[in-house]
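Residue strings, one per chain:
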Amino acid sequence: MESLLSLTVAGLFGISVYLLLSRSLVRLLLGVVTLGNATNLLIFTAGRILGTVPPIVPEGEQTPIGEIANSLPQALILTAIVISFSLFAYVLVLSYRAYQDLGTDDSDEMQLSEARSPTEGEAR
Amino acid sequence: MNQAALSPVTWLAILPAILPLAAGALAIALRGRLAMQRWFALLVLLLELGLNIALLVHVRDHGIMSLTMGNWLPPFGISFTADMLGAVLALAATFVSLACCLYAFADIDEVATRFGFYPMLLVLVGGMNGAFLTGDIFNLYVWLEILLISSFGLIILGGTRLQLDGAVKYAFLNLVATTLFLIATGLLYGAVGTLNFADLVAKAANYPHQNLLSVIAALYLVALAMKAAAFPLFFWLPASYHTPKFVASALFAALLTKVGVYGIYRIFTAVFAGGMGFVPLTLTWAAGLTMLLGAAGAVAQHRMRPMLGFLVVAGIGYMLLGFSLGTENARAAGTFYMVQSMLVMAGLYLLSGLVHGARKTVPTSGSSASLYDDQIALAILFLVLGFAVAGLPPFSGFWPKFALVRESLAQHLGWAAAAVLISGFLTTIAIARSFAATFWGGSHLSDDGEQPGPQTSFATLTPILAIAALVLVFGLLPGTLYGLAGGAARGIADYGPYVAAVLGAGP
């Protein structure tokens, strides 16, 4: 199970890097989403995947009986999902506004704020 | 395990993070009352400054202070641990934010207030303090995201085309950087099984597969170098920092990159202390190239704020060099430089707003009246802060650069010492050119984008004067700050007291 998930994570990372290298903002957005999901799955896998035993300590015991999945990574993912979701919502709106105002979704054509040489600056 | 009952003083370790966050939430609830918001924010930040000073004094006199959340004993609960490094940086960050808050009285108009400038400022301060004071690596990631969210809001206040363009680059690059940080943290937990810095010190050092850890270290290095804007990952900074409102770019330049540097200082001492052979060498090269390319980029810029953006980058180089040299003196110099760079860069960005505002009132066509005659106070302040960046005595930038050159030579790294000196020389040229063009020359040369600049007034001049005064004090009496920076450097050289403060004195 772990090795299957590891391969999935690797595949997702590959896809997201490919998308992030693109110039189109829409692909960049999809790359960011894939990257976030790949990361969450990675943390999930790092916390052991173990069948059906709930991580509960029985009455009168100090530690759980038998091997259980670590529940801390799941708490971490919960935090990370909320954060990546809200940040994605922000960049989604930002990209749409940038497309409306700048008239392009090609990051190569977004050169308005880049450092300019003095001559270019004066030509403007 | 440390099971002693908590004294109320221990709350000082977390109050600087809680207070601004709670106040920020309250300020959002009060968003209808525009006039009240700024006074509320100013009051909260004054209170916050008091908390930070109390915390620093306590850490100086009684050592490291730790507080663990919930009924979970460390290392399972999330710890807040204030050591010298965190406390000094938190105080400096709060001071700069307070100065910016006062400046915002003039720079932030009613529309920007309605869009929530002050709540975002408060959340930003909360995020800074949380990042500097937390003792948990995943918690550090959360604070980084809180910083990111509020900075996303601040960077587009105004909504001009230029800002949207800058914000797109800023947002995507920083989003990827924090995600890399999260990936590294997930892998680290999977490998070592703990997230508490104090616990990581021993567990990471004794981890059997050290080469696995060095992969994780490389991930952290890329993520934090991206946040800190180090070579070769700095291009987003000069493209975005000159676009927002003046007070917002001052906040960004002073605070955000320093969190990345702080992350390097903390993580590469607590987690990857032993056996990370490639990190110091990589960082030394990156630091040298960062300071050279940053200063060279500044010389190539004609307008003031883009030039300042490159100077922020150059400053990162000195802090990284201080870290990578590895000695206590060098790291003290790096910490000193972090504090002085927070002050100076905030001052210069705030000043660029006043210069921009003053330029509009001076008649431009054919008159001989230059800005110098009209605004001599601004000209003097620009030179004071500019010389501090360039590292000329008697201002605060001189001492850390002097220490860095000496430490580089002591380690037979002549080229690193040369990089510091050449970068300082180029910075002097950039400052002098910008001064001449702005104050003596034709005013079109300092054209600074689409934002309106605020006018000189009590609210705008006081913060810059306070910062300039501090720069002079730290330049003339460097011992005041060096004592604290030295304590910070000792704290990250030996984590013994840190671990003892969090986990108890041991069996």
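The structure this text deals with has already been given above.
The structure contained in this document is the topic of the report that follows.

Calculation rules
- Residues numbered from 1 in each chain as written.
- Chains lettered and ligands numbered in written order.
- Predicted model: local features only at pLDDT ≥ 70, side-chain atom pairs only at ≥ 80, totals over all residues.
- Heavy atoms only, no water.
- 1 Å grid on protein atoms, 1.4 Å probe; cavity = no way out; pocket = protein on both sides within 12 Å on 5 of 7 lines; lining within 4 Å.
- Points joined across faces, edges and corners; volume = space filled by probe spheres on them.
- Helix = DSSP H or I, 4+ residues; strand = E, 2+ residues; numbered from the N terminus.
- Axes fitted to C-alpha atoms, helices over the stretch in contact; angles between N-to-C directions.
- Parallel < 35°, antiparallel > 145°, perpendicular 65-115°, else oblique.
- Left-handed = near helix turned anticlockwise from the far one by under 90°.
- Contact = heavy atoms within 4.5 Å.
- Nonpolar A, V, L, I, M, F, W, Y, C, P; charged D, E, K, R; others polar.
- Buried area = accessible area lost by both parts, 1.4 Å probe.
- Salt bridge = Lys/Arg side-chain N within 4 Å of Asp/Glu carboxyl O.
- Polar contact = N/O pair within 3.5 Å; in protein donor to acceptor, adjacent residues only side chain to side chain.
- Buried < 20%, exposed > 50% of the residue type's maximum accessible area, 1.4 Å probe, protein only.
- Pairing = 2+ DSSP bridges.
- Expected span 1.5 Å × (residues − 1).

### Some thoughts on the layout of surface pockets
Alright, step 1. Taken as a whole, the largest pocket holds about 780 Å³ of empty space.
Alright, step 2. Lining the largest pocket are 27 residues, and of these Asn70 and Leu72 of chain A together with Trp72, Phe76 and Tyr189 of chain B lie nearest its centre.
Alright, step 3. Mapped onto the lining of the largest pocket, the elements with two or more residues apiece are helix 3 (72–102) of chain A together with helix 8 (197–205) of chain B.
Alright, step 4. Take the lining of the largest pocket: its biggest share by element is four residues, from helix 3 of chain A.

### Details of the packing of helix 8 of chain B against helix 21 (residues 496–503) of chain B
All names here are of chain B.
Alright, step 1. Running from N to C, helix 8 and helix 21 cross one another at 120°; their axes reach a closest spacing of 8 Å. In terms of their interaxial angle, helix 8 and helix 21 are classed as oblique. Crossing of helix 8 against helix 21: the hand is left-handed. Together, Phe197, Ala198, Asp199 and Val201 of helix 8 and Tyr498, Val499, Val502 and Leu503 of helix 21 make up the contact between the two elements.
Alright, step 2. Considered class by class, the residues forming the contact of helix 8 with helix 21 number seven nonpolar, no polar and one charged.

### Notes on empty space enclosed by the protein
All names here are of chain B.
Alright, step 1. In this structure the tally under the stated criterion is two cavities of 30 Å³ or more.
Alright, step 2. Each pocket or cavity is described by its volume, and for the largest cavity that value is around 100 Å³.
Alright, step 3. The wall of the largest cavity is formed by Leu144, Leu147, Leu148, Ser151, Tyr170, Asn174, Lys227, Trp236, Tyr241, Leu256 and Val259.
Alright, step 4. Those elements that provide at least two residues to the lining of the largest cavity are helix 6 (137–155), helix 7 (161–192) and helix 11 (246–270).

### Section: the interface of chain A and chain B
Where the parts come together, the accessible area they lose is often given as the size of the interface.
Alright, step 1. If you look at the interface, chain A gives 38 residues, while chain B gives 41 residues.
Alright, step 2. The junction of chain A with chain B conceals about 3,400 Å² of combined surface from both sides, 74% of it contributed by carbon and sulfur atoms.
Alright, step 3. Contact with chain B buries surface across chain A, with Leu87, Tyr90 and Ser113 of chain A losing the most and accounting together for 18% of the total.
Alright, step 4. If you look at where chain A meets chain B, you find zero salt bridges.
Alright, step 5. Here chain A and chain B share two residue pairs in polar contact (both at pLDDT 80 or more) between them.
Alright, step 6. Of all the elements in the fold, those that place two or more residues in the side of chain A that touches chain B are helix 1 (2–20), helix 2 (25–46), helix 3 and helix 4 (118–123) of chain A.

### Looking at the pairing of strand 1 (residues 65–68) of chain B
Consecutive side chains along a regular strand alternate between the two faces of the sheet.
All names here are of chain B.
Alright, step 1. Across the two faces of strand 1 the burial is the same, with Met65 and Leu67 and Ser66 and Thr68 all buried.
Alright, step 2. In terms of strand pairing, strand 1 meets strand 2 (residues 79–82) through four bridges, oriented antiparallel. When the bridges of strand 2 are listed, Leu67 appears paired with Phe80.

### Thoughts on helix 16 (residues 376–390) of chain B
Alright, step 1. With 15 residues, helix 16 of chain B extends 21 Å from end C-alpha to end C-alpha; this agrees with the ideal 21 Å at 1.5 Å per step.
Alright, step 2. Looking one or two residues past helix 16 of chain B, Gly391 of chain B carries a phi angle of roughly 85°, positive in sign.

### A few points about helix 13 (residues 304–325) of chain B
Residues and elements named next belong to chain B.
Alright, step 1. The end-to-end C-alpha separation of helix 13 is 32 Å, in line with the 32 Å expected for 22 residues at 1.5 Å each.
Alright, step 2. With 22 of its 22 residues buried, helix 13 lies for the most part within the structure.
Alright, step 3. Of the residues one or two after helix 13, Gly326 is the one with positive phi, at around 85°.

### Remarks on the packing of helix 3 of chain A against helix 6 of chain B
Alright, step 1. Viewed as axis vectors pointing N to C, helix 3 of chain A and helix 6 of chain B meet at an angle of 15°, and their least axial separation amounts to 11 Å. Considering the angle they form, helix 3 of chain A stands roughly parallel to helix 6 of chain B. Along this stretch, helix 3 of chain A crosses helix 6 of chain B, giving a crossing that reads as left-handed. Touching Leu76, Thr79, Ala80, Ile83, Ser86, Leu87 and Tyr90 of chain A of helix 3 of chain A are Phe138, Tyr141, Val142, Glu145, Leu148, Ile149, Phe152 and Ile155 of chain B, all from helix 6 of chain B.

### Topic: the side chain of Ser249 of chain B
Residue and element names in this part refer to chain B.
Alright, step 1. Relative to the helices and strands, Ser249 is located in helix 11.
Alright, step 2. Its relative accessible area of 0% is what places Ser249 among the buried residues.
Alright, step 3. A distance of 3.0 Å separates polar atoms of two side chains, one belonging to Ser249 and the other to Arg305.
Alright, step 4. With residues near it in sequence (within four places) discarded, Ser249 still touches Tyr241, Pro244, Arg305 and Tyr349.

No statement about biological role is implied by the geometric values presented.
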